[in-house]
Amino acid sequence: MRLVQESDYRFRIDPYGGMRVPGVVFASRALLPDPAADKSLEQVANVATLPGVVDASYAMPDMHWGYGFPIGGVAATDVDAGGVVSPGGVGFDISCGVRLLAADLDRQELTEPAVRGLMDGLDAAIPRGMSHRAVWTLHDARQLREVLAEGARYAVQQHHGVPRDLERCEDTGAMAGADPGQVGERAVQRGLGQVGSLGSGNHFLEIQAVDRVYDERVAGAFGLRAGQVCVMIHCGSRGLGHQICTDYVRVMERTAGRFGITVPDRQLACVPVTSPEGRAYLGAMAAAANYARANRQLLAEAARHVFDRITGRELALVYDISHNLAKLETHEVAGAARQLCVHRKGATRALPPGHPDLPADLHDAGQPVLIPGTMGTASYVLTGRPGGPAFASTCHGAGRALSRHQAAKVVRGQELRRRLEAGGIAVRGASWRGLAEETPEAYKDIDTVVDAAQGAGLCARVARLVPIGVVKG
DNA sequence: ATGTGC
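Given the structure is predicted, the values throughout are model-derived calculations rather than measurements. (Residues numbered from 1 in each chain as written. Chains lettered and ligands numbered in written order. Predicted model: local features only at pLDDT ≥ 70, side-chain atom pairs only at ≥ 80, totals over all residues. Heavy atoms only, no water.)

**Student:** How should I be thinking about the state of the cysteines in this particular structure?
**Tutor:** Note on terminology: disulfide describes a covalent bond linking the sulfur atoms of two cysteines. In the structure shown here, the tally under the stated rule is zero disulfides. Between C235, a free cysteine, and C96, which holds the nearest cysteine sulfur, the sulfur-to-sulfur gap is 7.3 Å. Taking relative accessible area as the criterion, C235 reaches 0% and is therefore assigned buried. With no disulfide of its own, C341 has C270 as its nearest cysteine by sulfur position, at a separation of 11 Å. (Disulfide = S-S within 2.5 Å. Buried < 20%, exposed > 50% of the residue type's maximum accessible area, 1.4 Å probe, protein only.)

In structure tokens form, the structure reads like this:
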């Protein structure tokens, strides 16, 4: 493989083997993965072999090794030119994403006892880890179908939220094309008892404060100001999305050959978007996306109740955006508008100012892009930039540098909690082992990743947030 | 990420 540096934050992999387009990696030299330990550059090249792929197989600065596609990967296929959809291009945690809420409260107003009260309240109110608890217990599969079809809209209809919330959700809270009938029985069973639960791994709910504002005008449009207290929620579609991914990888492994498709890695199993199997996957995937949105809506409501009880203040939704999704979008390719299936896996949509899909009050500001940091480190709010080079996409987080196993050997959970609390960050975990696996040393530096993303022209910084307290899945 | 593996 030949990796050519094109500019400070852009590398090109020239086509070789079956690659139909080049690979493009947006990163500084220091952020590039170590090929001895991480095969994600090879994965960028593998993705470039997929039928119908256009422009390039892209990777964001937080890229690392994933299932088939790299995490931090963006690839678009031309729907009307035999373009494929691949579950590995979305990931197991379908529509994993981030929701940010802003309190009408400044950091200085938040006393020590209030922080403790909030953290204890959230500790009790936010189901997480491997427990079987959730905010909502659905009556039956019929009610789950409503969640799968209508997402956060259904939660708001059921009075778990206010209509304004939906204006600040991607796709106003429900992805079109969701087809609950394509969701298998096992996925349904796993999904029934998990609406309103964080899960584990890198999922969290944090109380944060706006540490720095880079663009006052855009931050103001997003409802953010320096010193403001916020709540960030990072979670996905739990066992339901995982089961859907498992089921459809299996279906596509069986049927890809029927369409004459061969791939360099069986984890890239895919079928044409327009095939019955492709349509079925996209219908089930959109249903899982809606499940994840309802999940975040319910957890936000739980946090609102705690904030109201302890501080008497409200939480306004800034935005809710996914970073694991395939979407049918229109983009210009070689001067012509084409319908594309844009896979973003560990990559965030970043609509620029003026984009027609933005709500009217964000027209001049662009889409809020929410980047969750590692436990104990900063998170970012960004916005899209006109003429962005990767189908209006940017990074999604810090990106793992050590495996879970390696991370757990670096530090013990108890010690990590003491360290964070000594640094003024309150911690409410789910398990000591889970905490240790998420130690900041196991991740790349978020500030460096965001520098590279902005330097590559993918996005622009709006605000930096720092943690006050973390409720860890 | 995941009732953490075939």
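**Student:** How do you make sense of the protein's contact with DNA strand B when you look at a structure like this?
**Tutor:** In the neighbourhood of DNA strand B, 16 residues make up the surrounding shell, with R190, S200, G201, N202 and R404 lying closest. Restricting the count to atoms of DNA strand B within 4 Å of the protein gives a sugar and phosphate share of 59%. Q194 places a polar side-chain atom, nitrogen or oxygen, 3.2 Å from a phosphate oxygen of DNA strand B. Secondary structure elements with two or more residues in the surface near DNA strand B: helix 6 (185-191) and helix 8 (238-255). Here the element with the most residues in the surface near DNA strand B is helix 8; it accounts for three residues. Residue composition of the surface near DNA strand B, grouped by class: two nonpolar, eight polar and six charged. (Near = heavy atom within 4 Å. Polar contact = N/O pair within 3.5 Å; in protein donor to acceptor, adjacent residues only side chain to side chain. Helix = DSSP H or I, 4+ residues; strand = E, 2+ residues; numbered from the N terminus. Nonpolar A, V, L, I, M, F, W, Y, C, P; charged D, E, K, R; others polar.)

**Student:** What is the right way to read the sheet that holds strand 3 (residues 23-25) from this model?
**Tutor:** In a beta sheet, neighbouring strands are held together by backbone hydrogen bonds and run either parallel or antiparallel to one another. If you walk across this open sheet you meet the seven strands as 1-2-3-4-5-13-12, and the pairing is mixed. With one partner strand each, in any of the chains shown, strand 1 (3-7) and strand 12 (324-333) form the two edges of the open sheet. Sheet twist, expressed as the mean angle between neighbouring strand axes with direction ignored, is 25 degrees. Inspection of the sheet shows strand 3 paired to strand 4 (residues 57-64) by three bridges, in the parallel sense. (Pairing = 2+ DSSP bridges. Axes fitted to C-alpha atoms, helices over the stretch in contact; angles between N-to-C directions.)

**Student:** Can you help me understand the environment of S28 in this one?
**Tutor:** With respect to the element layout, S28 can be found in the loop between strand 3 and helix 1 (40-47). Here S28 falls in the buried class, since its relative accessible area comes to 14%. Each C-alpha atom of the pair S28 and Q43 lies 18 Å from the other, and the pair is 15 residues apart in sequence. In contact with S28, not counting residues within four places along its chain, are D8, Y9, F11 and A452. (Contact = heavy atoms within 4.5 Å.)

**Student:** Which parts of the structure should I look at to understand helix 1?
**Tutor:** Given 3.6 residues to a turn, an α-helix orients residues that are three or four positions apart in the same direction. Of all the eight residues making up helix 1, seven are buried; the element is thus mostly covered by neighbouring parts of the structure. Along helix 1, the positions that sit buried rather than exposed are S40, L41, Q43, V44, A45, N46 and V47. If you follow the buried residues of helix 1, they end up packed against strand 1, strand 2 (10-13), strand 3, strand 4 and strand 5 (71-78).

**Student:** Sorry, what's going on with unusual backbone geometry here?
**Tutor:** Most peptide bonds are trans, and most residues other than glycine sit at a negative phi. Positive phi is not limited to glycine here, since A334 has a value of about 50 degrees. By secondary structure assignment, the location of A334 is in the loop between strand 12 and strand 13 (336-345). Unusually for a residue other than glycine, F391 sits at a positive phi of about 55 degrees. For F391, the position within the fold is in the loop between strand 16 (379-384) and strand 17 (393-394). A relative accessible area of 5% means that F391 is categorised as buried.

**Student:** I keep staring at the packing of helix 8 against helix 9 (residues 276-311) and nothing clicks. Help me out?
**Tutor:** Relative placement of two packed helices is described by the angle separating their axes and the distance separating the axes. With their axes 9 Å apart at the nearest point, helix 8 and helix 9 run at an angle of 170 degrees to one another. On the basis of their axis angle, the class for helix 8 and helix 9 is roughly antiparallel. Between helix 8, through R238, L240, G241, I244, Y248, V251, M252 and T255, and helix 9, the contact on the second element is made entirely by E277, A280, Y281, A284, A288, Y291 and N295. Residues of the contact of helix 8 with helix 9, tallied by class, amount to 10 nonpolar, three polar and two charged. (Parallel < 35°, antiparallel > 145°, perpendicular 65-115°, else oblique.)

**Student:** How do you make sense of the pattern of salt bridges when you look at a structure like this?
**Tutor:** Oppositely charged side chains can form a pair if their charged atoms are brought close together. Inspection of the entire model under this criterion finds 33 salt bridges. The partner of D320 in a salt bridge is R296, and the shortest N-O contact between them spans 3.1 Å. Of this pair, D320 sits in strand 11 (residues 315-322) while R296 sits in helix 9; the two residues are 24 residues apart in sequence, bridging distant segments of the chain. One exposure class covers both D320 and R296, and it is buried. For R304, the salt bridge goes to E301, with nearest N and O atoms at 2.7 Å. Linking R304 with E301, this pair stays in helix 9, spanning three residues, or about one helical turn. Comparing R304 with E301, the two get one shared label, buried. (Salt bridge = Lys/Arg side-chain N within 4 Å of Asp/Glu carboxyl O.)

**Student:** Sorry if this is basic, but what is going on with the layout of surface pockets here?
**Tutor:** Left-over empty space is what a probe sized like a water molecule reveals as it rolls over the atoms. Estimates place the volume of the second largest pocket at around 810 Å³. If you trace the second largest pocket, you find 38 residues lining it, with L328, E329, T330, H331 and D357 closest to the centre. Broken down by secondary-structure element, the contributors of at least two residues to the lining of the second largest pocket are helix 9 and strand 12. Here the lining of the second largest pocket takes seven residues from strand 12, the largest share from any one element. In terms of residue class, the lining of the second largest pocket is made up of 19 nonpolar, eight polar and 11 charged. (1 Å grid on protein atoms, 1.4 Å probe; cavity = no way out; pocket = protein on both sides within 12 Å on 5 of 7 lines; lining within 4 Å. Points joined across faces, edges and corners; volume = space filled by probe spheres on them.)

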